[in-house]
Amino acid sequence: MNSSDHQALEKLRKSGKILRETREKIREIVQEDMLIIDVCEKAESLIKEKGGKPAFPCNVSINEIAAHYTSPPNDKTKIPSKSLVKVDIGAHVDGYVTDTAITVCFNPEYAILVEAAEVALRSAIENIRPELSTSKLGATIEKTITTRGLKPVSNLTGHQVGRYLVHAGTSLPNVAHLISSKIKLGYTYAVEPFVTLSDAAGRVENGEETTIFRLSKPKPQKNPYAKQLLQYIEENFRTLPFAERWLQNIVPNSHYKEAFKDLLSSKALIGYPVFVEASRKPVAQAEHTVLVTKEGCEVLT
Ligand code: MN
Ligand code: MN
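Computed from a prediction, not measured in an experiment: that's the story for all the values here.

Participant: Which residues make up the side chain of Thr 196, and what values go with them?
Facilitator: Among the secondary structure elements, Thr 196 is positioned in strand S9 (residues 194–197). Within the local environment of Thr 196, its side chain forms a polar contact with the backbone oxygen of Pro 282, the two atoms lying 2.8 Å apart. If sequence neighbours within four positions are ignored, Thr 196 has contacts with Leu 113, Leu 150, Lys 151, Val 153, Gly 202, Glu 277, Lys 281, Pro 282 and Val 283.

Participant: Account for the coordination of the manganese ion (ligand 1), naming residues and giving values.
Facilitator: Looking at the manganese ion (ligand 1), the protein donor atoms are Asp 88 (OD), Asp 88 (OD), Asp 99 (OD) and Glu 287 (OE), and they sit 2.1 to 2.4 Å from it. Between the manganese ion (ligand 1) and the manganese ion (ligand 2), both coordinated by Asp 99, there is a metal-metal distance of 3.1 Å. Of this pair, Asp 88 sits in strand S3 (residues 84–93) while Glu 287 sits in the loop between strand S13 (284–285) and strand S14 (288–292); the two residues are 199 residues apart in sequence, bridging distant segments of the chain. Given a relative accessible area of 10%, Asp 88 falls into the buried group.

Participant: Any details on the environment of Leu 121? Residues and values, ideally.
Facilitator: When you line up the elements, Leu 121 lands in helix H3 (residues 111–127). A residue is classified by how much of its surface remains accessible, and Leu 121, at 5% relative accessible area, is buried. Sequence-distant contacts of Leu 121, that is, excluding residues within four places in its chain, are made with Val 191, Pro 193, Ala 286, Glu 287 and His 288.

Participant: Summarise the packing of aromatic side chains; cite the residues concerned and give the values.
Facilitator: Applying the stated criterion across every chain, the model contains 7 aromatic pairs. Geometrically, the ring pair formed by Phe 213 and Phe 260 is edge-to-face, given 5.0 Å between the ring centres and 85° between the ring planes. Of the two residues, Phe 213 sits in strand S10 (residues 204–215) while Phe 260 sits in helix H6 (residues 253–265), which places them 47 residues apart along the sequence. For Phe 213, a relative accessible area of 4% puts it in the buried group. When the centroid spacing of 5.9 Å and the interplanar angle of 80° are considered together, the rings of Tyr 232 and Phe 237 count as edge-to-face. One aromatic cluster is present, formed by Phe 213, Tyr 232, Phe 237, Phe 242, Trp 246, Tyr 256 and Phe 260 through successive ring pairs. In this structure, Arg 238 packs its charged tip against the face of Tyr 164, placed 4.1 Å from the ring centre.

Participant: I'd like a description of the coordination of the manganese ion (ligand 2), backed by residues and values.
Facilitator: Six octahedral donors around a metal ideally make angles of 90 or 180 degrees; four tetrahedral donors ideally make 109.5 degrees. Each protein donor to the manganese ion (ligand 2) is listed here as Asp 99 (OD), His 159 (NE2), Glu 192 (OE) and Glu 287 (OE); together their distances run 2.1 to 2.2 Å. Mapping the donors of the manganese ion (ligand 2) onto the primary sequence gives the spacing D-x59-H-x32-E-x94-E.

Participant: Tell me about the environment of Ala 243, and name the residues and values.
Facilitator: Mapping Ala 243 onto the fold places it in strand S11 (residues 242–243). Taking the C-alpha atoms as reference points, Ala 243 and Gly 271, 28 residues apart in sequence, are found 9.9 Å from one another. Ignoring sequence-local partners within four residues, the contact set of Ala 243 consists of Pro 57, Thr 70 and Thr 211.

Participant: Mind laying out the domain arrangement of the protein, listing which residues take part and the relevant values?
Facilitator: What the domain assignment reports for the protein is domain 1 (6–206 + 275–299) and domain 2 (212–273). Taking only C-alpha atoms into account, the centre of domain 1 sits 27 Å from that of domain 2. Across the boundary between the two partners, domain 1 contributes 22 residues, which contact 13 residues of domain 2. Taking both partners together, domain 1 and domain 2 bury about 1,400 Å²; carbon and sulfur atoms supply 66% of that area. For domain 1, the biggest contributors to the area lost against domain 2 are His 68, Pro 73 and Tyr 164; these three give 40% of the whole. Where domain 1 packs against domain 2, one counts 1 salt bridge. The closest approach of N and O atoms between Glu 44 and Arg 245, which form a salt bridge, is 2.8 Å. Counting across the domain 1 and domain 2 interface gives 6 residue pairs in polar contact (both at pLDDT 80 or more). Elements that contribute at least two residues to the side of domain 1 that touches domain 2 include exactly helix H2 (36–49), strand S1 (53–62) and strand S7 (165–173). In terms of residue class, the side of domain 1 that touches domain 2 is built from 14 nonpolar, 6 polar and 2 charged.

Participant: Lay out the sheet that holds strand S2 (residues 65–67) with the relevant residues and their values.
Facilitator: Ordered by their spatial adjacency, 4 strands build an open sheet running S2-S12-S10-S11, and the pairing between neighbours is antiparallel. Every other strand in the sheet has two partners, leaving S2 and S11 as the edge strands with one partner each. Alignment of S10 against strand S12 (residues 269–277), held across 8 bridges, turns out to be antiparallel. Counted as the bridge partner of Asn 206 is Phe 275 from S12. Packing against the sheet, helix H5 (residues 224–237) makes contact with S10, S11 and S12, and its axis sits at approximately 90° to S10. Together, S10, S11 and S12 form the strand contacts of H6, whose direction differs from that of S12 by roughly 85°.

About the thresholds
Residues numbered from 1 in each chain as written. Chains lettered and ligands numbered in written order. Predicted model: local features only at pLDDT ≥ 70, side-chain atom pairs only at ≥ 80, totals over all residues. Heavy atoms only, no water. Helix = DSSP H or I, 4+ residues; strand = E, 2+ residues; numbered from the N terminus. Polar contact = N/O pair within 3.5 Å; in protein donor to acceptor, adjacent residues only side chain to side chain. Contact = heavy atoms within 4.5 Å. Donors = N, O, S within 2.8 Å, 3.2 Å for Na, K, Ca; no water. Buried < 20%, exposed > 50% of the residue type's maximum accessible area, 1.4 Å probe, protein only. Phe/Tyr/Trp six-rings, centres within 6.5 Å; stacked < 30°, edge-to-face > 60°. Lys NZ or Arg CZ within 6 Å of the ring centre and 35° of its normal. Domains from an automatic or database assignment. Buried area = accessible area lost by both parts, 1.4 Å probe. Salt bridge = Lys/Arg side-chain N within 4 Å of Asp/Glu carboxyl O. Nonpolar A, V, L, I, M, F, W, Y, C, P; charged D, E, K, R; others polar. Pairing = 2+ DSSP bridges. Axes fitted to C-alpha atoms, helices over the stretch in contact; angles between N-to-C directions.

Laid out in structure tokens, this is it:
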């Protein structure tokens, strides 16, 4: 390993440590009736205090919402009682991204979903190694879930992470699959089983709302405020996802809405709609980022 590889590894490990500490703090504070925006802002500020940057907005996805909800500005939504709350966070240090998630359960009836997601994640971590086929890894996850009388969400996957990239290259489906690839030595992957009930559809579809965005192409803008906003996005988030909360007070308030609308309609930005379980059944998730080593893997988060 040369010195630049070594520095990269140190940054990746630092990113993982920041995220692990943040996740454990968030696990303690999430409560029923709490404002979702308070969870998002707390997680994002902890990541910054610890010397990292958020790699994407803190996702707080409730019950049948499987992923991709973050608070819009001034969000008044609260964590409902008896809910299943997935908190998914990402950090980067100089572009070295890590990604982790937990499910906090306020309904004892759904505790089995959380346990299945965690056990499936553990079995994936125990099995992952260089040259393992992604289908075998998916089959291990799938079997762990189905033997508990539950169902994996088939169209949500883990993924390789890269520099300034949350989803890079290879996907890691949570089920066996035909077109598979190989896990590679020295690569970093986020492994994330999603679990739902056995009578659910077991897949997600796009929901109504979009709260997370990223730069697509820096298209020229006529509106000077749109131009200014786009420049801010390019400089601060590059190709990483962001929330509208992060764009407050960049341009005058009275011009913000139109500027943001222009960026969307010119396709300079793309949005990630929320993912909702197709049959509206509750979903649990667990996620770690791992570095593949000769022996297996190092859990970074
Ligand atoms: Mn994640
Ligand atoms: Mn992920």
